[in-house]
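Fold and geometry: a report
What follows is each chain in one-letter form.
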Number of protein chains: 2
Amino acid sequence: MGFIIRDAVRSDVSDIHRLIKELAVFEEAENEMVLSLEEVANDGFGDQPLYHCFVAEDSETHKVVGIALTYLRYSTWKGKALHLEDLIVEVEHRGKGIGSALLDHVISYGKSIKVRRIGWEVLDWNTNAIALYESKGAKVLKNWYVVQLENNE
Amino acid sequence: MGFIIRDAVRSDVSDIHRLIKELAVFEEAENEMVLSLEEVANDGFGDQPLYHCFVAEDSETHKVVGIALTYLRYSTWKGKALHLEDLIVEVEHRGKGIGSALLDHVISYGKSIKVRRIGWEVLDWNTNAIALYESKGAKVLKNWYVVQLENNE
């Protein structure tokens, strides 16, 4: 199969939502995802988008088979930074270079908007992903913990 | 001493920059900080601020003795989220509850802007900070790695 990488548009929202759900299942945290389809639409494609998403589209079927979802962060050491929140490829389309192409696209995007750093997180057992990231020159830092405080009000 | 927590203003920039530098030294990464004073000013106090900072001010001397620097992130599980990039208290003013008060302020701010999650990162050897975070109900996740790709062009 061939595929193209392009900016996501509003009509991709159901695919984006579906792939996020797939990743939550893969990460054994399906119940953690409380985000609705409407929120994904409004948050990404309103007046002040909270994220910028790219999709991988099958050139023949025109189906979305992968996404890379990003947003800006701020490093007090490096300044404006890009964060890769999710890099997801459908299970049946893995091993075809789609994740690598999406990541390359995000790296190019980061250069185009002149960020000094692109950051993301990976589960320690996801060795395939870690190998991919290191092949792109990324550093995997093992001495930081991620801290989260949930607000369930 | 007494202290107050307030929003940072442009005239706090030199203190913010100084405290960021202090933290970089504490984290044994002084050379990693390439951000200039002008960048800290423009990035935080321009038309489209990239971060929102709070300061702790000594009630008597009116000196800034601590900062909490935040910005918005986006969780594909929880939606709009707040990130605490830096929580810094001057070495000679630690142990007075200033860090705890700054963190409480950030948590209140997060509730006021209706985020479902506040997130941050901590070095694995910083046990005092970890104890403080856990006392606020935060979860310290030990199974994620932080990944960074620097763009040095």
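Just so it is clear, the structure is predicted and the values come from calculations on it, not from any experiment. Every chain is numbered on its own, with residues counted from 1 as its sequence reads. Labels are handed out in written order, letters beginning with A for the chains and numbers beginning with 1 for the ligands. For a predicted model such as this one, the threshold for reporting local features is a pLDDT of at least 70, and the threshold for listing and counting side-chain atom pairs is 80 or more; totals across whole chains, interfaces and linings nevertheless cover every residue. Hydrogens and water molecules were not included; the side-chain quantities draw on all heavy atoms of the structure.

With that out of the way, let us pick up the sheet that holds strand β4 (residues 79–89) of chain A. A pair of strands is considered paired only if DSSP assigns at least 2 bridges between the two. The helix and strand labels rest on DSSP assignments: H or I over at least four residues marks a helix, E over at least two residues marks a strand, and numbering proceeds from the N terminus. Sheet architecture is open: 7 strands sit in the order β1(A)-β2(A)-β3(A)-β4(A)-β5(A)-β7(B)-β6(A), paired in mixed fashion. One side of each edge strand has no neighbouring strand; the edge strands of this open sheet are β1 (3–7) and β6 (139–141) of chain A. Sheet twist, expressed as the mean angle between neighbouring strand axes with direction ignored, is 25 degrees. Strand direction decides the pairing type here: β1(A) and strand β2 (residues 52–58) of chain A, joined by 5 bridges, are antiparallel. From the neighbouring strand, F3(A) faces β2(A), where its bridge partner is D58(A). Along the sheet, helix α4 (residues 127–135) of chain A contacts β4, β5 (117–123) and β6 of chain A together with β7 (144–150) of chain B; its crossing angle with β5(A), the most-contacted strand, is approximately 160 degrees. Simply put, an axis is a line fit to the C-alpha atoms, just over the touching stretch for a helix, and the angle between two N-to-C directions goes from 0 to 180 degrees. Only heavy atoms enter the contact rule, under which two residues are in contact if any of them lie within 4.5 Å.

Let's shift gears to the environment of L23(A). All names here are of chain A. Mapped onto the elements of the fold, L23 is located in helix α1 (residues 13–26). Here the term buried applies to any residue with accessible area under 20% of the maximum for its type, exposed to any over 50%, and partly exposed to those in between, with areas from a 1.4 Å probe on protein chains only. For L23, a relative accessible area of 11% corresponds to the buried category. Not counting chain neighbours up to four residues away, the residues in contact with L23 comprise D86 and I88.

Here the copies were fitted onto each other by least squares, based on C-alpha atoms from residues at pLDDT of at least 70 in both. Rotating chain B by 180 degrees and translating it 0.0 Å along the rotation axis places it on chain A, where the RMSD comes to 0.0 Å. In short, the pair behaves as if placed about a two-fold rotation axis. Interface residue correspondence from chain B to chain A reaches 100%, placing this contact among same-surface, isologous pairings.

A word on the interface of chain B and chain A. Interface size is commonly expressed as the accessible area that is lost once the parts come together. Taken together, the contact pairs 58 residues of chain B with 58 residues of chain A. Note on terms: buried area is the combined drop in 1.4 Å-probe accessible area of two parts once they are placed together, counting the loss on both. Across the chain B to chain A interface the summed buried area is about 6300 Å²; carbon plus sulfur atoms make up 55%. Here a salt bridge means any side-chain nitrogen of Lys or Arg lying within 4 Å of a carboxyl oxygen belonging to Asp or Glu. Connecting chain B to chain A are 9 salt bridges. Nitrogen and oxygen atoms within 3.5 Å of one another constitute a polar contact, given that in protein one can donate a hydrogen and the other can accept it, and given that sequence-neighbouring residues count only through two side-chain atoms. The tally of links between chain B and chain A comes to 36 residue pairs in polar contact (both at pLDDT 80 or more). Split into classes, the residues belonging to the side of chain B that touches chain A amount to 30 nonpolar, 9 polar and 19 charged. Here β5(A) pairs with β7(B) via 7 bridges, running antiparallel. Across the sheet, residue R117(A) finds its bridge partner in β7(B), namely E150(B). Each residue is assigned to one of three groups, with Ala, Val, Leu, Ile, Met, Phe, Trp, Tyr, Cys and Pro labelled nonpolar, Asp, Glu, Lys and Arg labelled charged, and all others, Gly among them, labelled polar.

Note on terminology: a nonpolar core comprises buried Ala, Val, Leu, Ile, Met, Phe, Trp, Tyr and Cys residues joined through side-chain atoms within 4.5 Å. Counting residues in each nonpolar core, the largest one holds 26 residues, and the members touching the most others are L102(B), I118(B), W120(B) and Y133(B). Secondary-structure elements contributing two or more residues to this core are β7 (144–150) of chain A together with β2 (52–58), β3 (64–75), β4 (79–89), α3 (98–112), β5 (117–123) and α4 (127–135) of chain B. Here this core gets 6 residues from one element, more than from any other, and that element is α3(B). Membership of the second largest hydrophobic core comes to 25 residues, among which are L82(A), V89(A), V147(B) and L149(B).

Residues and elements named next belong to chain B. One way to put it is that helix α1 (residues 13–26) packs onto helix α2 (residues 37–45) with a least axis distance of 9 Å and a crossing angle of 115 degrees. Crossing angle aside, the handedness with which α1 passes α2 is right-handed. Of the residues in α2, those in contact with V13, S14, I16 and H17 of α1 are L37, V40, A41 and F45. In terms of residue class, the contact of α1 with α2 is made up of 6 nonpolar, 2 polar and no charged. Crossing handedness follows the turn of the near helix against the far one: under a right angle anticlockwise gives a left-handed crossing, and clockwise gives a right-handed one.

Let's shift gears to the pairing of β5(A). Burial within β5(A) is extensive, with 6 of its 7 residues counted as buried. Tracing the backbone out of β4(A), into helix α3 (residues 98–112) of chain A and back to the parallel element β5(A) gives a crossover that is right-handed. When the strands point away from the viewer and the path from the first strand over the helix to the second turns clockwise, the crossover is right-handed.

Here we come to the pattern of salt bridges. Two side chains bearing opposite charge may form a pair once their charged atoms approach each other closely. Applying the stated criterion to the full structure yields 21 salt bridges over all chains. E90(A) is the partner of R18(A) in a salt bridge, and the nearest nitrogen-oxygen pair spans 2.6 Å. Remark: E90(A) occurs in the loop between β4 and α3 and R18(A) occurs in helix α1; sequence separation between them is 72 residues. Close ionic contact of R116(B) with E39(A) constitutes a salt bridge, the shortest N to O distance being 2.8 Å. Separated into two different chains, R116(B) in the loop between α3 and β5 and E39(A) in helix α2 (residues 37–45) make up a pair that spans both. Judged by relative accessible area, E39(A) falls into the partly exposed class, the value being 24%. Linked through salt bridges whose partners overlap, the residues forming this network are D15(A), R18(A), E22(A) and E90(A).

What the 7 strands build is an open sheet, ordered β1(B)-β2(B)-β3(B)-β4(B)-β5(B)-β7(A)-β6(B); its pairing is mixed. Strands with a single pairing partner mark the edges of an open sheet, and in this sheet they are β1 (3–7) and β6 (139–141) of chain B. Taken pair by pair, the neighbouring strands of this sheet meet at an average axis angle of 25 degrees, ignoring direction. Pairing geometry for β2(B) and β3(B), over 6 bridges, is antiparallel. Looking at β3(B), one finds that F54(B) is bridged to A68(B).

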